[in-house]
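# Structure assessment
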There are 4 protein chains.
Amino acid sequence: MPDDIAERIARDGWAVSRWFNAQEPPTLPALAGKVVVLHAFQMLCRGCVLHGTPQAQKVANLFPPDRLAVIGLHTVFEHHDAMTPVSLKAFIHENRIGFPVGVDEASAGTYPIPATMAHYRLQGTPSLLLFDREGQLRKHAFGQIDDMALGAEIAALL
Amino acid sequence: MPDDIAERIARDGWAVSRWFNAQEPPTLPALAGKVVVLHAFQMLCRGCVLHGTPQAQKVANLFPPDRLAVIGLHTVFEHHDAMTPVSLKAFIHENRIGFPVGVDEASAGTYPIPATMAHYRLQGTPSLLLFDREGQLRKHAFGQIDDMALGAEIAALL
Amino acid sequence: MPDDIAERIARDGWAVSRWFNAQEPPTLPALAGKVVVLHAFQMLCRGCVLHGTPQAQKVANLFPPDRLAVIGLHTVFEHHDAMTPVSLKAFIHENRIGFPVGVDEASAGTYPIPATMAHYRLQGTPSLLLFDREGQLRKHAFGQIDDMALGAEIAALL
Amino acid sequence: MPDDIAERIARDGWAVSRWFNAQEPPTLPALAGKVVVLHAFQMLCRGCVLHGTPQAQKVANLFPPDRLAVIGLHTVFEHHDAMTPVSLKAFIHENRIGFPVGVDEASAGTYPIPATMAHYRLQGTPSLLLFDREGQLRKHAFGQIDDMALGAEIAALL
C-alpha cells in the first residue's frame, strides 16, 4: 500500500476516494465521543443487500445520532467494473440508505482489495467494525450478525 | 384480588400456582443482582408462538445466566379450559422452552384475568417486563418487540 | 384396528370422532368432483403452527370452494391429554381456521396413533394428502411443502 | 418506437440488444410448445432482488425445461448509467441466475422506457408476463406475486 494511503487510514480510520450522503468527509477522530459502526459492503453482494445493509440502516435509526454514527464503506474487491461510483449512487438511492457511504480507496497497482479493507484484513462482505467512543476497534465481524447480539454489543459501548 | 395473593406478588414479584423447569420457585428478590426478563404469554396466542416465546428463549441463550434470568409466566385470560397446566407442559416440551415457566395464579371468583397479569395491568399477550438488577420494573411492553432494541435495552441494564 | 373403524375409513375416507367448522360431517364420497386436500396436524406441533396449517388455510382461500375442499384432521399421536377437543376448539379460533377440522378417531386400546393416521401410514405431522376429483389418493407428503410446488400439483388435478 | 424495433417485438416477442446465459437468442416462436414466463426486472430494484428474481429462478427449477422456459428481461427505465450490461453480468453471476437474460432494447431518442417494456405497457419492475404454449399472453402482473398462485397458474397452462 502506498505510504500516503496508509497514512490517511492511520489518521482518519479509513481512506475514501469519494463520499455519498456526507457534507464533510467523516473521520474517526472527528467522531470521537460517539460509537462508530463501520459497515463494509459491496452493492452486488447478496448477503449485504438482504441482511447487512438493512441492519446497518436499522442501527442508524435505532440509536441517537449524537451518540452513535454509522459509516458505510463500499469495499469492492471483485467485479470492479460492475460496481462503480455511478452504480453505487443509484444503489444508495434505491435502497434508501441515509448514512454516509465512502468508496474505499483503491490499493496500488492491480491488487484487487481496496486499501481500508486490506488494512483491517476484512475477509469479505458484509463486514462490521465496531469502534468505541475513544475510536478503539472493539469488534470485527464477517457475515450475518444477529440483531439482538449487535444491539447488546452497541449498547454496552454507549 | 385476595389479600394473600396480593401479598405474594408484593413479596415475590409474581404469584404462581405451579412451576415448570424450576427446582426452586424463582422469586424476584432471590434473583437480585440479575436483570430479569418476564415473558407473559398464552400457549394459544399466535403472536407468542411466532415471536414472543422464541425471542424470550433467544434472550436466555444470548446473555450469561449469572447476570440475567428469563422467567415465563402463563397468563391465561381467555379459553381457560383449553390452556391447562397439562397442555402447557406439552407446549413447553414441544417448543423446547428451557427457562422456568410459572402458571399465573387465578384471581378470585370469575374474574378471567389472572393475578400477576392484573397486578401489572398487562394489556394482553405477549407482554414483556424488564426488571433491573435491583428488581425495579424498567420496561413494560405489549406485542412484538424488535430484537435489536431489546438487546440494547437489556445490555444497558447489565 | 376395530372393524367398524376400518369400515368407516373405507367408506368415508377417514374416521372422525368430532367435527369443528362443519354442519354436516364431510366425507370423501360426498366431496366427489372436488379435489380434496387433507391436512393432518397436531395443535402443538411447531411445524404445523408455523407452516402447515397456514398453508392449508392459504389453499382454502386461493382455490374456488366449488372445485376444492380443504379438510383438517387432528391426528394426535403424543401428548394426548394436552391436545383435547376443548383445546383444539380454542386453537381453531385463535388461528382463524375456517375449513372443517375433524378429530381423528382413537385406535383401539392403548395404541397411540389414531385410526386414520394409521390407515394412511402417516409418518408424523404435518402431513398432506391430496385426493383427485374421483377420490383417488394422488399425493402423500410429510413435513414442509413448498407453496409453488403445491399450487402446481393442485392445479394439475383441477 | 422505430419500425424495425416494433417489427422485432412483433416477430420475436421482445427486442433485446444483448443476451446473457443464452447460446442462441431465444424467441417466443422458437419456444412454441412451452409455457414462457417472462420476468422483467432491474438489477437495482429492491423488490426484484428480494422477491421477483428468486421467484423466477424457483419457477425455472421447479418445472421441467422441456415444458416451460423462463426468460429474464432487464428493463431499465431509470438510473440507466448505473445498470449497464457490465453491471448486469456481475449481478447475474452474484445472484446465481441460470436462465437467459436479455437487455431490453433502448427506445429511440431520450425516451427512458425501453422498447419491450413500452410495448407491453409494463408499469414497473418486477413484472411478470405469462405466455401459453401457443405464445399467447395470458397474464400480466406487476409487483410481488404469491408463489402458490403462480404455481397454480403455470400448471393450468401446462
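Before any of the text, the structure's been laid out above.
Quick notes on the rules
- Residues numbered from 1 in each chain as written.
- Chains lettered and ligands numbered in written order.
- Predicted model: local features only at pLDDT ≥ 70, side-chain atom pairs only at ≥ 80, totals over all residues.
- Heavy atoms only, no water.
- Contact = heavy atoms within 4.5 Å.
- Buried area = accessible area lost by both parts, 1.4 Å probe.
- Salt bridge = Lys/Arg side-chain N within 4 Å of Asp/Glu carboxyl O.
- Polar contact = N/O pair within 3.5 Å; in protein donor to acceptor, adjacent residues only side chain to side chain.
- Buried < 20%, exposed > 50% of the residue type's maximum accessible area, 1.4 Å probe, protein only.
- Disulfide = S-S within 2.5 Å.
- Pairing = 2+ DSSP bridges.
- Helix = DSSP H or I, 4+ residues; strand = E, 2+ residues; numbered from the N terminus.
- Axes fitted to C-alpha atoms, helices over the stretch in contact; angles between N-to-C directions.
- Least-squares fit on C-alpha atoms with pLDDT ≥ 70 in both.

This part covers the interface of chain B and chain C. Between chain B and chain C, the contact holds 17 residues from the first and 17 residues from the second. Taken together, both faces of the contact between chain B and chain C bury some 1500 Å²; the carbon and sulfur share is 58%. On inspection of chain B and its partner chain C, the count reaches 0 salt bridges. On the surface where chain B and chain C come into contact, there are 8 residue pairs in polar contact (both at pLDDT 80 or more).

Glancing now at the pattern of salt bridges. Residue and element names in this part refer to chain B. On inspection of all chains with the given rule, the structure shows 24 salt bridges over all chains. The partner of R11 in a salt bridge is D12, and the shortest N-O contact between them spans 2.9 Å. Exposure remark for R11: the relative accessible area of 54% places this residue in the exposed category. Look at D12 and you get buried, because its relative accessible area is 15%.

With that settled, consider the state of the cysteines. Residue and element names in this part refer to chain B. Scanning all chains against the criterion turns up 4 disulfides over all chains. Bridging C45 to C48, the disulfide has an S-S length of 2.4 Å. In this structure the cystine formed by C45 and C48 twists about its S-S bond by roughly 85°; its chirality is therefore right-handed. Among the residues examined, C45 registers a relative accessible area of 7% and is labelled buried.

Another point: the sheet that holds strand 3 (residues 68-74) of chain D. All names here are of chain D. Strands sit in the order 1-4-3-2-5-6 across an open sheet of 6 strands; the sheet is mixed. At either margin of the open sheet sits one strand with a lone partner, and together these are strand 1 (16-20) and strand 6 (137-142). Between one strand axis and the next, the sheet turns through 20° on average, direction left out of account. Relative to strand 6, strand 5 (residues 127-131) runs antiparallel, the two being bridged by 5 bridges. Counterpart to F131 in the pairing with strand 6 is L137.

Our focus in this paragraph is the relation of the copies chain B and chain C. Note on the copies: chain B fits chain C at an RMSD of 0.0 Å, the axial shift is 0.0 Å, and the rotation between them is 180°. Here the symmetry operator amounts to a two-fold rotation axis. When C-alpha distances to the rotation axis are compared across chain B, the minimum falls at L50(B), with a value of 3.6 Å. When the interface residues of chain B are mapped onto chain C, 100% of them again lie at the interface, so the same face is used by both copies.

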